[in-house]
Amino acid sequence: MSLAAYCVICCRRIGTSTSPPKSGTHWRDIRNIIKFTGSLILGGSLFLTYEVLALKKAVTLDTQVVEREKMKSYIYVHTVSLDKGENHGIAWQARKELHKAVRKVLATSAKILRNPFADPFSTVDIEDHECAVWLLLRKSKSDDKTTRLEAVREMSETHHWHDYQYRIIAQACDPKTLIGLARSEESDLRFFLLPPPLPSLKEDSSTEEELRQLLASLPQTELDECIQYFTSLALSESSQSLAAQKGGLWCFGGNGLPYAESFGEVPSATVEMFCLEAIVKHSEISTHCDKIEANGGLQLLQRLYRLHKDCPKVQRNIMRVIGNMALNEHLHSSIVRSGWVSIMAEAMKSPHIMESSHAARILANLDRETVQEKYQDGVYVLHPQYRTSQPIKADVLFIHGLMGAAFKTWRQQDSEQAVIEKPMEDEDRYTTCWPKTWLAKDCPALRIISVEYDTSLSDWRARCPMERKSIAFRSNELLRKLRAAGVGDRPVVWISHSMGGLLVKKMLLEASTKPEMSTVINNTRGIIFYSVPHHGSRLAEYSVNIRYLLFPSLEVKELSKDSPALKTLQDDFLEFAKDKNFQVLNFVETLPTYIGSMIKLHVVPVESAGIHSFETCWLLDA
């Protein structure tokens, strides 16, 4: 503008001059104009060049970091001064405004050309395989759920990256992406960082003592009898153990007596199991889960998990606690931050079915992107345990019987020698859980669920002496858990063994009286009974004859031969099944079963198994 004004003034001088212009004055004016214009053009060029270079530096990825990371497993970050006063000069303010203007122009052009704003800058000065990492990270944080899931799938299927590229994803991804990678079958374990360092134990403290303090910090009022029993037992045993370890008085009498001699060998392992069993019960209550998290329980349980690598039973109880805590969505961020997702991602790839199934339950409860159901304690998905694009067409439920379990009931055989002789990898010939190994392979479109609940032959062996759960009580409890897991939303087939068949019949009859459970009835397509004592069992008679020695449990007492309650249950179910046109297949065992190493008993005789009660019935040499 100043240049234009100067030119106008010179022209007016020339035009209004009455005397003839002198040649020297004319050329002097022209030189002045040239000097001023040249300096202005040169200065402007330098300023624009500087700003362009500064803008390029601001939007260009530093490839030196990428080059260095090819040889390292961690990311370098350039340090920036924290003193804001150093960068708030006039030049800095001008450059900031210029950058804003340029970004607005680029954003507008991106919208016009329908091209993502970040894409041009993500490919500046980096190689193609580097660009993929950042683009996938960006997609994984998209607002569109389909885009996020696609990004996680692409990450999990990538196996040609360098180590540092997996580490970039591990450090930069959000919790949803991390959980999705943990639930992807092909994911590389390098996607998962090691859990953060655990806090140091207090001086003169031990893991056992910390566990006891955690248990003691949980609410002790308004608890059912079983939780009170486990809690008091654990606190009592831990007090006696700690006193013995510190040279205090030995406990004579009470529950501590049987373990007094073992304090010198494994005092902590026994007491820790008592504490863990009590914490498992507490973790079934949502408010108690908040207390466990607030008192550092996630870190303490992780310490125990590492210490007991060779004790699967301890690790399974710990995973039960974490799985129960994962039912509460407000605790998900704490579980992820404490490093449990990385631990469970590794456990998912374990060849041991129980370990991988417990880990699958935890991650499924954490995964709110693709899983709507919640799997409560005792409900395990055997297939599919990973995310899958295969649509699920039906549910198959396995309900074990007396003295059974979610996994061991469905094993191939009892012989330990056979397990040693037949390698675990040869799953076509031998399996420790055929529903997961064989049924899932033959019918991949099924969701296979196995249920676990505590049973005992005698009150001597009962885990909780105060627990007196009838068939009616257990059926209501299981029905509630299965409905929370989405059972009833698609066609259902029930497969039961022994007392599990009685539970299935009772569950279906109970569901028929509750409107909210109507989908369970409407979607039931078939029921398979394996050696179910429809008319009672001789085991109950045997237990009654030696009741002063065996003290038969409530479950066994309910199985008395020709019991009126069992007869009513059978009659009601037959009428109900006929009315609903259920397809029922009944298998009857013909060989006796060993109970322990000395007792050989035909638990469910042919006549009790209902051979004349169902149209389709098969005899098994088992």
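Cut-offs used in this document
Residues numbered from 1 in each chain as written. Predicted model: local features only at pLDDT ≥ 70, side-chain atom pairs only at ≥ 80, totals over all residues. Heavy atoms only, no water. UniProt positions renumbered as here; feature names shortened; annotations may be inferred. Helix = DSSP H or I, 4+ residues; strand = E, 2+ residues; numbered from the N terminus. Expected span 1.5 Å × (residues − 1). Buried < 20%, exposed > 50% of the residue type's maximum accessible area, 1.4 Å probe, protein only. Arc of directions from axis to C-beta. Contact = heavy atoms within 4.5 Å. 1 Å grid on protein atoms, 1.4 Å probe; cavity = no way out; pocket = protein on both sides within 12 Å on 5 of 7 lines; lining within 4 Å. Points joined across faces, edges and corners; volume = space filled by probe spheres on them. Nonpolar A, V, L, I, M, F, W, Y, C, P; charged D, E, K, R; others polar. Core = buried A, V, L, I, M, F, W, Y, C linked by side-chain atoms within 4.5 Å. Domains from an automatic or database assignment. Salt bridge = Lys/Arg side-chain N within 4 Å of Asp/Glu carboxyl O. Axes fitted to C-alpha atoms, helices over the stretch in contact; angles between N-to-C directions. Parallel < 35°, antiparallel > 145°, perpendicular 65-115°, else oblique. Left-handed = near helix turned anticlockwise from the far one by under 90°.

The protein is annotated in an unreviewed UniProt entry as Protein SERAC1 from Homo sapiens. Recorded under Sequence similarities (unreviewed entry), the UniProt text for the protein is reproduced unchanged: "Belongs to the SERAC1 family."

A. Summary view of helix H27 (residues 564–580). Its 17 residues place the ends of H27 24 Å apart at the C-alpha level, agreeing with the 24 Å of an ideal helix rising 1.5 Å per residue. Among all positions in H27, only Leu 566, Leu 569, Gln 570, Phe 573, Phe 576 and Ala 577 are buried. Angularly, the buried residues of H27 cover 140 degrees about the axis, an arc narrow enough to put them on a single face. Among the exposed residues of H27, those pointing more than 90 degrees away from its buried face are Pro 564, Lys 567, Glu 575, Lys 578 and Asp 579. The inward-facing, buried residues of H27 contact helix H22 (499–511), helix H23 (518–522) and strand E5 (524–530). Taken from the residues just after H27, Asn 581 is the one with a positive phi, measuring 60 degrees.

B. Highlighting empty space enclosed by the protein. Applying the stated criterion to the full structure yields 1 cavity of 30 Å³ or more. Here the largest cavity defines a volume of roughly 50 Å³. Around the largest cavity sit Ser 140, Arg 148, Leu 149, Val 152, Lys 176, Thr 177, Glu 369 and Arg 387, which together line it. Sorting the residues of the lining of the largest cavity by element identifies helix H7 (145–156) and helix H9 (175–182) as the ones contributing at least two each. Sort the elements by how many residues they give to the lining of the largest cavity and H7 lands first, with 3 residues. Within the lining of the largest cavity, the residues separate by chemical class into 2 nonpolar, 2 polar and 4 charged.

C. A look at the nonpolar core. By size, the foremost hydrophobic cluster in this structure holds 63 residues, and its most contacted members are Ile 169, Trp 340 and Met 344. Considering each element in turn, this core owes the most residues, 8 residues, to helix H12 (residues 267–282). If you count residues domain by domain, this core takes at least three from each of domain 1 (128–191) and domain 2 (206–243 + 267–371). Residues in contact with Ile 169, not counting those within four places in the same chain, are Val 133, Leu 137, Met 155, Trp 161, Leu 181 and Phe 191. In terms of nonpolar packing, the next biggest core, distinct from the first, is built from 41 residues, Ile 399, Tyr 453, Leu 482 and Trp 494 among them.

D. Region of the structure containing the pattern of salt bridges. Applying the stated criterion across every chain, the model contains 16 salt bridges. In this structure, Asp 163 and Arg 190 form a salt bridge, with 4.0 Å as the shortest nitrogen-oxygen distance. With Asp 163 in helix H8 (residues 163–172) and Arg 190 in the loop between H9 and helix H10 (207–217), this pair connects stretches of sequence that are 27 residues apart. Judged by relative accessible area, Asp 163 falls into the partly exposed class, the value being 24%. Judged by relative accessible area, Arg 190 falls into the partly exposed class, the value being 27%. In this structure, the salt-bridge partner of Arg 483 is Asp 489, at a minimum N-O distance of 3.2 Å.

E. Just the packing of helix H21 (residues 471–484) against H22, in detail. Across the interface, H21 lies against H22 with an axial gap of 9 Å and an inter-helix angle of 70 degrees. Relative to H22, the element H21 is oriented roughly perpendicular. Once H21 is placed against H22, the crossing between them reads as right-handed. From H21, Ile 471, Ala 472, Arg 474, Ser 475, Asn 476, Leu 478, Leu 479 and Leu 482 reach across to H22, where they touch Leu 502, Leu 503, Lys 506, Met 507, Glu 510 and Ala 511. Here the contact of H21 with H22 is composed, by residue class, of 9 nonpolar, 2 polar and 3 charged.

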